[in-house]
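# Coordinate analysis (summary)
In case you want the letters, here they are:
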Amino acid sequence: MSRHSELTLAGILANRAAERPDLDVLTIEGGGKRPDEVRSYRQLWNHGRSLAAGLTALGLQQGERFALLMANHAEFVEAMVAAAVSGTVFVPIDPRTRGDKLAYMLRFANCRGVIAADYALPNLAEVHRDLPELKWIVGLPTDEGKAFDDTLRQHGVVPWSQLLLADPESVTPVELPPEAAMQLIYTSGTTGDPKGIVMTHRRYCENAAVAPRLFGYRPDDRPYSGLSMTHANAQVLTLGSALAAGLRCVLSRRFTKSRLWDITRQYGCTSFNLLGGMTTAVYADPPKPDDADNPVRFIVSAGMPAAIWADFEQRFGVQILEFYGAAEGGLTVKPLGAGPVGSIGKPIPTLQHRIVDDEGRDVPRGQPGELLFRYADGSDFKVEYHQNPEASARKCKDGWLHMGDVVTEDADGWLYFQFRKGGGIRCNGDFINPAFVEKAIAESSQVDDVYVYGVPAKSGVPGEKDPVAAVVPKNPVGFDPQALFRACRKKLEANFVPRYIQVLEQIPKTASEKPQERFLIEAFERNPTQVHTET
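### A short note on the nonpolar core
Within the largest apolar cluster, 138 residues are counted, with the highest numbers of intra-cluster contacts made by Leu26, Phe66, Leu106, Ile115, Leu124, Tyr204 and Phe312. A total of 10 residues in this core trace back to one element, the largest contributor, which is helix H3 (residues 74-86). Once residues lying within four places of it in the same chain are set aside, the contact partners of phenylalanine 312 are Leu274, Thr279, Val282, Tyr283, Ile299, Met304, Val318 and Ile320.

### Thoughts on the pattern of salt bridges
For the coordinates displayed, the defined rule picks out 42 salt bridges. For arginine 39, the salt bridge is made with glutamate 78, and the minimal N-O distance between the two is 2.6 Å. Of the two residues, arginine 39 is situated in strand S2 (residues 37-39) and glutamate 78 in helix H3; the sequence distance between them amounts to 39 residues. Among the residues examined, arginine 39 registers a relative accessible area of 14% and is labelled buried. What makes glutamate 78 buried here is its relative accessible area of 1%. For the salt bridge of glutamate 64 with arginine 112, the shortest nitrogen-to-oxygen distance reads 3.7 Å. Within this pair, whereas glutamate 64 is found in the loop between helix H2 (41-57) and strand S3 (65-69), its partner arginine 112 is found in strand S5 (residues 111-117), the two being separated by 48 residues in sequence. Among the residues examined, arginine 112 registers a relative accessible area of 25% and is labelled partly exposed. Via salt bridges that share partners, Arg34, Glu37, Asp143, Glu144, Arg253 and Arg254 belong to a single interconnected network.

### Quick look at the pairing of strand S24 (residues 465-473)
For S24, the buried fraction is high: 8 of the 9 residues fall into the buried class. Looking at chain direction, strand S23 (residues 447-456) and S24 are connected through 9 bridges and run antiparallel. Paired with aspartate 449 across the bridge in S24 is valine 472. As for the winding sense of the linkage, the β-α-β connection from S24 through helix H14 (residues 481-491) to strand S25 (residues 500-503) is right-handed.

### Notes on the sheet that holds strand S12 (residues 271-275)
Across a sheet, paired strands are connected by hydrogen bonds in the backbone, their directions being either parallel or antiparallel. Within the open sheet, the 9 strands sit side by side as S2-S1-S11-S10-S12-S13-S14-S15-S16. Their pairing is mixed. Across the chains shown, the open sheet's two edge strands, defined by having one partner strand only, are S2 and strand S16 (346-347). Where strand S13 (residues 298-302) lies against strand S14 (residues 319-325), 4 bridges are found, and the strand directions are parallel. Bridging across to S14, phenylalanine 298 finds its partner in glutamine 319.

### Digging into the packing of aromatic side chains
One pass over the full model with this rule turns up 10 aromatic pairs. Consider the rings of tyrosine 217 and phenylalanine 298, whose centres lie 5.7 Å apart with planes at 40 degrees: the pair is tilted. Taken as a pair, tyrosine 217 in the loop between helix H7 (201-215) and strand S10 (223-225) and phenylalanine 298 in strand S13 lie far apart in primary sequence, 81 residues in all. With a centroid separation of 5.1 Å and an interplanar angle of 80 degrees, the aromatic rings of tyrosine 500 and phenylalanine 524 are classed as edge-to-face. Residue tyrosine 500 is found in strand S25, and its partner phenylalanine 524 is found in helix H15 (residues 517-526); the two are separated by 24 residues along the sequence. A residue is classified by how much of its surface remains accessible, and phenylalanine 524, at 16% relative accessible area, is buried. Each residue in the set Phe215, Tyr217, Phe298 and Phe323 is aromatic and connected to the rest through ring pairs, giving one cluster. Positioned above the aromatic ring of tyrosine 385, the side-chain terminus of lysine 195 is 5.3 Å from the ring centre. Of note, arginine 254 hangs over the ring of tyrosine 119, and the distance from its end group to the ring centre comes to 5.1 Å.

### Notes on the layout of surface pockets
Empty space among the atoms becomes visible once a probe the size of a water molecule is rolled across them. Counted as a void, the second largest pocket has a volume near 1400 Å³. Arg96, Ile507, Lys509, Thr510 and Glu513 are, among the 49 residues lining the second largest pocket, the residues nearest its centre. Contributing elements (two or more residues each) for the lining of the second largest pocket: strand S4 (89-93), helix H4 (99-108), helix H10 (276-284), S23 and H15. Broken down by element, the lining of the second largest pocket gets its largest block of residues, 5 residues, from H15. Considering only residue class, the lining of the second largest pocket consists of 20 nonpolar, 15 polar and 14 charged.

### Description of the domain arrangement of the protein chain
It is common to give the size of an interface as the accessible area lost on bringing the parts into contact. With domains assigned, the protein chain is organised as domain 1 (9-200), domain 2 (256-327), domain 3 (346-420) and domain 4 (425-533). For domain 3 and domain 4, the distance between their C-alpha centres works out to 30 Å.

### Focus on the packing of H2 against H3
Running from amino to carboxyl end, H2 crosses H3 at an angle of 60 degrees, the nearest separation of the two axes being 7 Å. Between H2 and H3 the crossing geometry is right-handed. Judged by residue contacts, Leu44, Trp45, His47, Gly48, Arg49, Leu51, Ala52, Leu55 and Thr56 of H2 engage Val77, Glu78, Ala79, Val81, Ala82, Val85 and Ser86 from H3. Here the residues of the contact of H2 with H3 are counted per class, giving 10 nonpolar, 4 polar and 2 charged.

Criteria and thresholds
Here, residues in each chain are numbered from 1, in the same order as that chain's written sequence. Owing to the predicted nature of the model, reporting of local features is limited to residues with pLDDT of at least 70; listing and counting of side-chain atom pairs is limited to 80 or more, with chain, interface and lining totals taken over all residues. Processing note: side-chain calculations cover all non-hydrogen atoms of the structure and skip hydrogens and water entirely. Put simply, a nonpolar core is a bunch of buried Ala, Val, Leu, Ile, Met, Phe, Trp, Tyr and Cys residues held in one set by side-chain atoms that sit within 4.5 Å of each other. In this scheme, a residue with accessible area under 20% of its type's maximum is buried, one over 50% is exposed, and one in between is partly exposed, where area comes from a 1.4 Å probe on protein chains only. What counts as a helix is a DSSP run of H or I of at least four residues, what counts as a strand is a run of E of at least two, and both are numbered from the N terminus. For this analysis, residues touch if any pair of their heavy atoms sits within 4.5 Å. Any Lys or Arg side-chain nitrogen located within 4 Å of an Asp or Glu carboxyl oxygen qualifies as a salt bridge. We call two strands paired when DSSP finds no fewer than two bridges between them. If the strands point away from the viewer and the path from the first strand over the helix to the second runs clockwise, then the crossover is right-handed. Stacked, tilted and edge-to-face are the three classes assigned to paired rings of Phe, Tyr and Trp, where Trp is represented by its six-membered ring and a pair needs centres within 6.5 Å; plane angles under 30 degrees give stacked, over 60 edge-to-face, the rest tilted. Criterion for a charge above a ring: Lys NZ or Arg CZ within 6 Å of the ring centre, and within 35 degrees of the ring normal. With a 1 Å grid laid over protein atoms only, a set of points is called a cavity when a 1.4 Å probe fits there but cannot get out and a pocket when it is open yet has protein on both sides within 12 Å along at least five of seven lines; lining residues have an atom within 4 Å of a point. Grid points are joined across faces, edges and corners, and a volume is the space filled by probe spheres set on the points. Three classes are used, and their members are as follows: Ala, Val, Leu, Ile, Met, Phe, Trp, Tyr, Cys and Pro are nonpolar, Asp, Glu, Lys and Arg are charged, and the others, Gly among them, are polar. Residue ranges labeled as domains rest on an automatic or database domain assignment. Lines fitted to the C-alpha atoms define the axes, with helices restricted to the stretch that makes contact. Angles between their N-to-C directions range from 0 to 180 degrees. Two helices cross in a left-handed way if the nearer one is turned anticlockwise from the farther one by less than a right angle. They cross in a right-handed way if the turn is clockwise.

Here it is in structure tokens:
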């Protein structure tokens, strides 16, 4: 049996399909609304090869890009495999994206085509006329959009099934070097237009291979994620780890806080991933007698607030494995049972790090500064932003990866995230830790979700911000903002009490569940009736 390179996605799938063809490596749970979508290695490899032939028949050539505009579906993963087999590059885009932003992302990536779930086709239709470079659209019928193949054809859309006609055994994968582009994955774009990160097969496959070892997955572990595969967390750390290590992962089409623990119980999931604000939202649910009655060993967290960390572990009977990283690179891990609560861990062995001030000088331990990474062997870090050499050069100035995040380091080498560079909340000369405010509000039992951010201080002091608590009430009709202010007064020091409470139907978030401050600030300024002050 020939062995393929483990540094391309096609190589990993070819190897696993030969070694463990019938392992149900992927399940997209149906949420009680639809049948589960289950795929074995053999099915992913066969469908991916057939789909590669279908893409080639549409005229897509090696090195060209196509967009994936859908939530988590098994077909998303099959399209990833098809891109690897055909030597093309996929561009994952959150299916909620619309208007100018969608047009920008498709145009900037120079996508030749789009594979879209039927529920995303209306958003695509709004901008299609402005995108003459799009040569074709493939539609995936789902239970949400309820499209049929004939209906799709009537609108000039190629049905997904039409791309699967080729015999997979007749398809020869393109020989790709590990440094070839695998995907163009966009940054969150929380502060402006998103940048397109060129992720190579090598980077994806190496990260997918190392993550199970760093996180301590066992052969019988079953990871779960409700995060979108348009974001690196779910696509690399959950899916990639499963594909590389033979873990039977479970994904949801979309994240649903209300079903999180029931999903882990139903499928026997022993681990799942959470990001930042998701942890507070989960913690905000009223305690239940069976909270700790679940099969989860540990949670892979990026941004567990120290203020709720211990309570979260005790309440749900889990351990927290905290990590820090970005799609561009850089990774720290705080293993289970090691290190202090609140730390993001230490850099992995293949990396060295520095913490520097605004002039690039190393700061003493305990002092805040920007986190930088370089490979442990001293080689330069390289990041490519699509069509943006200036940003690429800034990101890797002097061979160091500049993370743009301010951290501190204790005497034992444990790192602590402080805030995004330029994004901290300083009020009356003190930096406010939003986690403490969010914990107090989450424990009030009045809200479903909360996120604390800052707006320019009414005092006009340069660099100062007034804290705003954006909340989603459990009962909008009976919600009392003054009661929430009083609850904060009881639990927080005076400077931490929000100056404003902003009431929303939902907090705007990216596909990775990261709150989008610019939209919150726009709503804060545009809808003053939603904003309350203490009386």
